[in-house]
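# Chain and residue survey
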Amino acid sequence: MSVSATASVPDDPALLRVDGAIATITLNRPAAFNSIDLSIAKKLEQLGAEVEASDAIKVLVIEGEGRAFCAGGDLQTIGSAAATDSIVPVVGEMLEHYHAFITTLRRMPKIVLASVHGSAAGAGLSLAFVADLCIAAEDAKFTPAYAKLGVSPDGGGTVGVVASVGPRRALQIYLAEDSFGARQALEWGLVAKVVPAAELKAATRDFALRLAQNAPAAIAATKALIRRSPTTPIEQQLNAERDAIIDCMHTEEFRIAVKKFTSKGK
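Report on the accompanying structure. Here the structure is a predicted model, which is why all the values come from computation and not from measurement. (Residues numbered from 1 in each chain as written. Predicted model: local features only at pLDDT ≥ 70, side-chain atom pairs only at ≥ 80, totals over all residues. Heavy atoms only, no water.)

## Some details on the overall build of the protein
Which entries qualify depends on this criterion: Every helix listed is a DSSP run of H or I at least four residues long, and every strand listed is a run of E at least two residues long, numbered separately from the N terminus. Accessibility here uses a 1.4 Å probe with only protein chains present; expressed as a share of the type maximum, an area under 20% marks a residue as buried, one over 50% as exposed, and anything in between as partly exposed. Note on definitions: a residue-residue contact is assigned when non-hydrogen atoms from the two residues lie within 4.5 Å.
Per the secondary structure count, the protein includes 11 helices and nine strands. Each principal axis of the C-alpha atoms in the protein carries an extent, and together these give about 70 × 45 × 35 Å. Split into buried and exposed, the 266 residues of the protein put 45% on the buried side. Within the protein, contacts between residues at least 6 apart in sequence are counted, and of these 68% link residues at least 24 apart.

Right, here's the structure in full:
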C-alpha cells in the first residue's frame, strides 16, 4: 500500500507527509501547544494506521508544529469532564484512540523517531520516549507533570521510560522531577542526539535518512526482537533470533549486501 503525501489538509489536528521512505506526522494544534484532545487522538490513530500499512515507509518522524512538541493532555477538555463528572466517557474515549496510536507505533515494523523542541509535557513526554528513538533540540524541556496533577502516567509513558532507564529512574522521573532538559535526557539514555534548535529539522532529516538505509526486513526483525527481549525466556529469544536472521537472509537486500562484502579485495 502506498500513502499519498497529500493525505492531510492544513487545518487537520495532525498532518502526514511522505517523502520516499520517510513519513512525518506533525502534531498540528500549535495554539494549544499540540495538546492531546479527542480530535487529534482520532487523527493520530488514522495516520498511524496508514503509515503502518505502507510497505514503502521505513522511518516515521513525529514532530510538533509551533513552539512546543506536545504539552500533554488537553486540560480544557479534561477539566470540563471533571467538572461535569464525565471523566470516564470523555477521557476513556480519548485514550482509546490515542492508545491505539501508541500501540501502532510500538508494533509497526518501522523505526519511529521523535523530533522534540520546546515543551514535551505529560503525554508529550510519553510520546517522545515511547518512540523507538528521540532527537531533541537543546531547548527541549521534558516535564512529567502527572505528579503535580495527582495522576499516574498515560500515553505509553511507563512503557518507553521504564524500557530506557529502568524502574528506579522511572520512579524518580515521574514522582521527583519537576522537569529536565535535553542534556539530562541524553545522559539518562532517553535521547539519542541533542542539537542546536536551529538545526533540529536538518538533523532530524539526516538521522531519518541514516535509519532508512537499513533494509525493511532488518528494521522489522530488529525492532520486534528488542521489544520482546525483556519478557522472553532465553531459549525462546534465541530461537526467535535464529528464525528472524534466516528470514532476513532470504531477502534480495541480504544477497546484494553479502555479495558486496565478499567481493571486496578481489
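## Examining the nonpolar core
Basically, it comes down to this: Residues grouped as a nonpolar core are buried Ala, Val, Leu, Ile, Met, Phe, Trp, Tyr and Cys residues, joined through side-chain atoms within 4.5 Å.
The biggest cluster of nonpolar side chains holds 51 residues, and the ones touching the most others in it are Val116, Leu127, Phe129 and Phe142. It is helix α4 (residues 123-130) that contributes the most residues to this core, six residues altogether. When neighbours within four sequence positions are excluded, Phe142 is seen to be in contact with Val116, Ala120, Leu125, Ala128, Phe129, Ala136, Ser179, Phe180, Gly181, Ala182, Ala185 and Val191.

## Observations regarding the pairing of strand β2 (residues 22-27)
To be explicit about the condition: Here, any two strands with at least 2 DSSP bridges between them count as paired.
In terms of burial, β2 is largely enclosed, as six of its six residues are buried. Here β2 shows a buried face lined by Ile22, Thr24 and Thr26 and a second buried face lined by Ala23, Ile25 and Leu27. Between the antiparallel neighbours strand β1 (residues 14-19) and β2 lie two residues, among them Gly20 with a positive phi of about 65°. Strand direction decides the pairing type here: β2 and strand β3 (residues 59-64), joined by six bridges, are parallel. Each residue of the ladder has a partner; that of Ala23, found in β3, is Leu60.

## Some points on the packing of helix α9 (residues 216-228) against helix α10 (residues 234-249)
What counts, and what does not: Each axis is a line fitted through C-alpha atoms, taken for helices only over the stretch in contact, and angles between the N-to-C directions span 0 to 180 degrees. An angle counts as roughly parallel when it lies under 35 degrees, as roughly antiparallel when it exceeds 145, as roughly perpendicular when it falls between 65 and 115, and as oblique in every other case. The nonpolar class holds Ala, Val, Leu, Ile, Met, Phe, Trp, Tyr, Cys and Pro. Asp, Glu, Lys and Arg form the charged class, and all remaining residues, Gly among them, are polar.
Where α9 contacts α10, the two axes come as close as 10 Å, and the packing angle between them is 175°. The angle between α9 and α10 falls in the class roughly antiparallel. Across the interface between the two elements, Ala217, Ala218, Ala221, Leu225 and Arg228 of α9 pack against Gln236, Gln237, Ala240, Glu241, Ala244 and Cys248 of α10. Each residue belonging to the contact of α9 with α10 can be placed in one class, and the counts come to seven nonpolar, two polar and two charged.

## Notes on the sheet that holds strand β8 (residues 180-181)
Whether parallel or antiparallel, the strands of a sheet pair through hydrogen bonds between backbone atoms. Taken in spatial order, the three strands line up as β5-β7-β8 in an open sheet, and their pairing is mixed. If you trace the sheet from one side to the other, it starts and ends with β5 (119-121) and β8, each paired once. In this structure, strand β7 (residues 141-143) lies alongside β8, joined through two bridges in antiparallel fashion. Looking at β8, one finds that Phe142 is bridged to Phe180. This element, α4, spans β5, β7 and β8 of the sheet and lies at about 100° to β5.

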